[in-house]
Structure formats: structure tokens, C-alpha cells
Amino acid sequence: MHTLERIALALEARIPGTAGHSRRVADYARDLAEGMGLPPAQATKIAQAGTVHDIGKTCVPGTVLNKPGPLDPHERDLVRRHATTGAAMVADLGDTELTSFVRHHHERYDGGGYPDRLAGEQIPLGARILAVADTFDALTSNRPYRRALEHAQALKVLAAEAGTQLDPRVVACFGAGQGMLQAA
């Protein structure tokens, strides 16, 4: 796990605006899992998955990761593969649950995500937690293609995505923990 965490940190150095992303996602995910009443061991595992959730992006060309404009269909496919590539890398640790969290962190609650188009409760809870943590951090960080949102704005986006992209129960818990979530 330590080696994968180091690789994840090196990846962040390649992509402007992502320094600290994996650590923040891990921290948000741990806090969220604990706030949802999950056992400490489960919260730790979800945080570990947060640390390495984007590790599959090491196989995506830097020109694609750092592109300032919209991705073309081929580039979008390359980026989407990071979930399965990362899961394959994490699978070497022998923890199927951890692997499933990494593989499914881009599934959508409405079934429109990737890589397996899982929906609702079919998506592992750890992956649904990672999706909220990852989305919030992505929204509140500058990226090559857009400026960061203020926390309150990002929470409104999460609320708007509850039930479509994101698990509404997880979003509500995250918002309650942040103390600022507005009703959708």
C-alpha cells in the first residue's frame, strides 16, 4: 500500500491543481464514513482507497490529463480507464473490497457512470463515499479547465447531484458534516 500511495503522490505532481487531492479525498472520506457510523476499520479502508483512487491515471498521457479544454471522445475514454487500471493495480494487494472501491468510484447513483454502470445500492458504499469526497475536492480545486468553486457553491452542486450522480444519503451526511449544505 505504501508504494501505491507514493505513486499516487507522484501522479499529483504531474497534474496542475491536484497536489494534495488524494490526501484530501482520503480525509473527507474517512470523516464521512465515521459520520455515517461505519466501524473504524471500514473508515480506514475507505480512506486508503481515497489515497489511491486515481492511481490508474499514471497510465494516462500527461497531455490528456493537463488539457485545458474539453476532451475528445478518445481522450475521455483514456481518462475513464483509470478506474479499471487503478483497480487492477490495487488488486495486487489482495483486498477485493478495497479494489472495488477504487474500481467503482466513478459509478453514478442513477446508473450512468463507469466502468460497470452500477446503480444505487449496487455500488459499494465505500465507492459512493469516495464519489462524494472526490467530487467535492475536485469542485473546490483549480483545474486546467476551470477555476475552483467556493465551498458553499460546491455544496450546492453536491446537493443538485444527489440522486443522480451521487448517493443522496451520503451527500446529506457530508453536508451535515460541513454544516452548510442547502436543501436541493
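Predicted model, so just to flag it, every value in this text is computed and none were measured.

1. Quick word on the nonpolar core
Okay, so step 1: The biggest cluster of nonpolar side chains holds 30 residues, and the ones touching the most others in it are Ile-129, Val-132, Leu-158 and Phe-174.
Okay, so step 2: Taken together, the elements giving at least two residues each to this core come down to helix 2 (21-35), helix 3 (40-52), helix 7 (96-103), helix 8 (125-139), helix 9 (151-161) and helix 10 (168-178).
Okay, so step 3: When residues in this core are grouped by element, the largest group, seven residues, is from helix 8.
Okay, so step 4: What Val-132 contacts, discounting residues up to four positions off in sequence, is Leu-32, Leu-158, Leu-166, Val-170, Val-171 and Phe-174.
Okay, so step 5: Listed in part, the seven residues of the second largest apolar core include Val-60, Val-64, Leu-65 and Val-79.

2. Side note on the packing of aromatic side chains
Okay, so step 1: Counted according to the given criterion, the structure contains three aromatic pairs.
Okay, so step 2: Taken together, a centroid distance of 5.3 Å and an interplanar angle of 85 degrees make the contact between Tyr-28 and Phe-136 edge-to-face. Here Tyr-28 is found in helix 2, whereas its partner Phe-136 is found in helix 8, with 108 residues between them in sequence. The pair formed by Tyr-28 and Phe-136 is uniform in burial state, with each residue classed as buried.
Okay, so step 3: On the basis of an interplanar angle of 85 degrees and a centroid distance of 5.8 Å, the ring pair of Tyr-28 and Phe-174 is categorised as edge-to-face. You can see Tyr-28 sitting in helix 2 and its partner Phe-174 sitting in helix 10, a full 146 residues away along the chain. Just as Tyr-28 is buried, Phe-174 falls in that class too.
Okay, so step 4: Within the aromatic cluster, the residues linked to one another by ring pairs are Tyr-28, Phe-136 and Phe-174.

3. Thoughts on helix 5 (residues 73-80)
Okay, so step 1: When we look at burial in helix 5, the residues that qualify are Glu-75, Leu-78 and Val-79. For helix 5, the angular spread of buried residues about the axis comes to 95 degrees, placing them on one side. Away from its buried face, by an angle of more than 90 degrees, helix 5 presents the exposed residues Pro-73 and His-74.
Okay, so step 2: For helix 5, the secondary structure elements touched by its buried residues are helix 4 (62-65) and helix 6 (82-91).

4. Describing the packing of helix 2 against helix 8
Think of two packed helices as two axes; the pair is described by the angle between the axes and how far apart they sit.
Okay, so step 1: In contact at an axis separation of 8 Å, helix 2 and helix 8 are set at 135 degrees when each is read in the N-to-C sense. Relative to helix 8, helix 2 is oriented oblique. Pair helix 2 / helix 8 crosses with right-handed handedness. Where helix 2 abuts helix 8, its residues His-21, Arg-24, Val-25, Tyr-28, Ala-29, Leu-32 and Ala-33 lie against Ile-129, Leu-130, Val-132, Ala-133, Asp-134, Phe-136, Asp-137 and Ala-138.

Thresholds, definitions, all that
- Numbering of residues starts from 1 in each chain and follows the order in which that chain's sequence is written.
- Note on the predicted model: pLDDT of at least 70 is required for a residue's local features to be given, and 80 or more for side-chain atom pairs to be given and counted; whole-chain, interface and lining totals, by contrast, use all residues.
- Note that the side-chain values use all heavy atoms of the structure and ignore hydrogens as well as water.
- Here, the term nonpolar core denotes a set of buried Ala, Val, Leu, Ile, Met, Phe, Trp, Tyr and Cys residues that are joined through side-chain atoms within 4.5 Å.
- We call a residue buried when its accessible area falls under 20% of the maximum for its residue type, exposed when it is over 50%, and partly exposed in between, using a 1.4 Å probe and counting protein chains only.
- Each helix is a run of DSSP H or I of at least 4 residues and each strand a run of E of at least 2, with the numbering of both proceeding from the N terminus.
- A contact between two residues is defined here by any heavy atoms of the two lying within 4.5 Å.
- Under the pairing criterion, centres of Phe, Tyr and Trp rings, with the six-membered ring standing for Trp, must be within 6.5 Å; the plane angle then separates stacked pairs below 30 degrees from edge-to-face pairs above 60, leaving the rest tilted.
- To be clear, the arc concerns the directions from the helix axis to the C-beta atoms.
- Note on geometry: axes are C-alpha line fits, over the in-contact stretch for helices, and angles between N-to-C directions span 0 to 180 degrees.
- If an angle is under 35 degrees, it is roughly parallel; if it is over 145, roughly antiparallel; if it lies from 65 to 115, roughly perpendicular; otherwise it is oblique.
- Helix crossings get a hand from a simple test, with the near helix turned counterclockwise from the far one by less than a right angle marking a left-handed crossing and a clockwise turn marking a right-handed one.

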